[in-house]
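Take a look at the letters that make up each chain.
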Amino acid sequence: MFFPPENEDANHSPQDSIEVQVDFGLTSASEQLKIVLKSVLVGHSEAVSHASFSPDGKQIASCSWDGTVLLWDATNGSQRFLLRPVGLPRAFLCTCWSSDGSLVAAGTEEASIFVWRSKDTREVRRIRPSVTSEVPTQITLESLLASPLKSLHAPQGHTDSITSIKFSKKGKMILSSSMDGTVKLWSLEEGEFIRTVLRCPPKTHVMILPWKTLHDVTVWSR
């Protein structure tokens, strides 16, 4: 279940909608959550793995095990764009929007991250799994002391499925979490690895919450 941003302009017509009262065990009827079904979005050929509203609440990005990402008009439920990268991934597992809504990103089962412009679906960045540091052609004693050999071969990218992604406030960096137990920071402009922010045991399902700086990054695991 996901909800639009709190500042969404609530100007949708209530006609032909279905209202559902959800009781989470609260005793007061006033504390019940009222959910109104506005529309049903049909377009993916396999199970939908994630969906997210744009910051202004006017668009929805959905991703699926069919290897596609769809952008929808949230006001009328119409499909705007189909994102199907060359070299089709097996599955997309998560989506997110930049704070200004100009970019939309999605993470894959194969540990890749795709970033597109939302206005025309132009692909602006693709971060591939297991990016490694360059290994010097000549290894000397001095270079080994400065950078141990194991770190030269250490993978910098994720090695398992991406579970969540979040843009920085200015949209210049992106955080990603993975079933490999790590949360990593990337430069969006160059697509380069910056640092590993968090390490957990492998197969830990980590989700990143919205963040402003690296000092207030919050994650949730289960």
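Residues numbered from 1 in each chain as written. Predicted model: local features only at pLDDT ≥ 70, side-chain atom pairs only at ≥ 80, totals over all residues. Heavy atoms only, no water.

Chemist: Can you break down the overall build of the protein residue by residue, with the values?
Modeler: Check the secondary structure of the protein and you find 2 helices and 16 strands. Counting over 222 residues, the protein shows a buried share of 37%. Counting contacts in the protein only where the partners sit at least 6 residues apart, residues at least 24 apart contribute 40% of the total. For the protein, the accessible surface area stands at approximately 13200 Å², while carbon and sulfur atoms represent 53% of it. (Helix = DSSP H or I, 4+ residues; strand = E, 2+ residues; numbered from the N terminus. Buried < 20%, exposed > 50% of the residue type's maximum accessible area, 1.4 Å probe, protein only. Contact = heavy atoms within 4.5 Å. Areas by Shrake-Rupley, 256 points an atom, 1.4 Å probe, with all protein chains shown as cover.)

Chemist: I'd like a rundown of the packing of aromatic side chains, residues and numbers included.
Modeler: A complete count under the given rule lists 4 aromatic pairs for this structure. With a centroid separation of 5.8 Å and an interplanar angle of 10 degrees, the aromatic rings of Phe-114 and Trp-116 are classed as stacked. (Phe/Tyr/Trp six-rings, centres within 6.5 Å; stacked < 30°, edge-to-face > 60°.)

Chemist: Mind laying out the nonpolar core, listing which residues take part and the relevant values?
Modeler: Residues Ala-105, Ile-113, Val-115, Ile-165, Phe-167 and Ile-174 are the most contacted members of the largest nonpolar core, which totals 13 residues. Elements with a minimum of two residues in this core: strand 7 (92-97), strand 8 (103-108), strand 9 (113-117) and strand 11 (162-167). For this core, the element with the most residues is strand 11, which contributes 3 residues. With 11 residues, the next largest nonpolar core counts Phe-92, Trp-97, Phe-114 and Trp-116 among its residues. (Core = buried A, V, L, I, M, F, W, Y, C linked by side-chain atoms within 4.5 Å.)

Chemist: Outline the pattern of salt bridges, listing residues and values.
Modeler: For the structure on display, the rule yields 5 salt bridges. Notably, a salt bridge pairs Glu-109 with Arg-90, separated by 3.1 Å at the nearest N-O pair. Of the two residues, Glu-109 sits in the loop between strand 8 and strand 9 while Arg-90 sits in the loop between strand 6 (79-83) and strand 7, which places them 19 residues apart along the sequence. In this structure, the salt-bridge partner of Arg-126 is Glu-123, at a minimum N-O distance of 3.0 Å. Residue Arg-126 is classed as partly exposed on the basis of its relative accessible area of 24%. With relative accessibility at 31%, the residue Glu-123 sits in the partly exposed group. Linked by salt bridges that have partners in common, Arg-90, Glu-109 and Glu-110 make up one network. (Salt bridge = Lys/Arg side-chain N within 4 Å of Asp/Glu carboxyl O.)

Chemist: Please provide a residue-by-residue account of the confidence of the model for the protein, values included.
Modeler: Detailed conclusions should not be drawn from predicted coordinates in areas where pLDDT is low. When pLDDT is averaged along the protein, the result is 77; 67% of the residues meet or exceed 70. Between residues 8-20, whose pLDDT stays under 50, and residues either more than four places distant or in other chains, the model counts 17 contacts. Low pLDDT (under 50) marks residues 147-153, which in the prediction has 10 contacts with non-local residues, meaning those over four places away or in another chain. (pLDDT = per-residue confidence, 0-100.)

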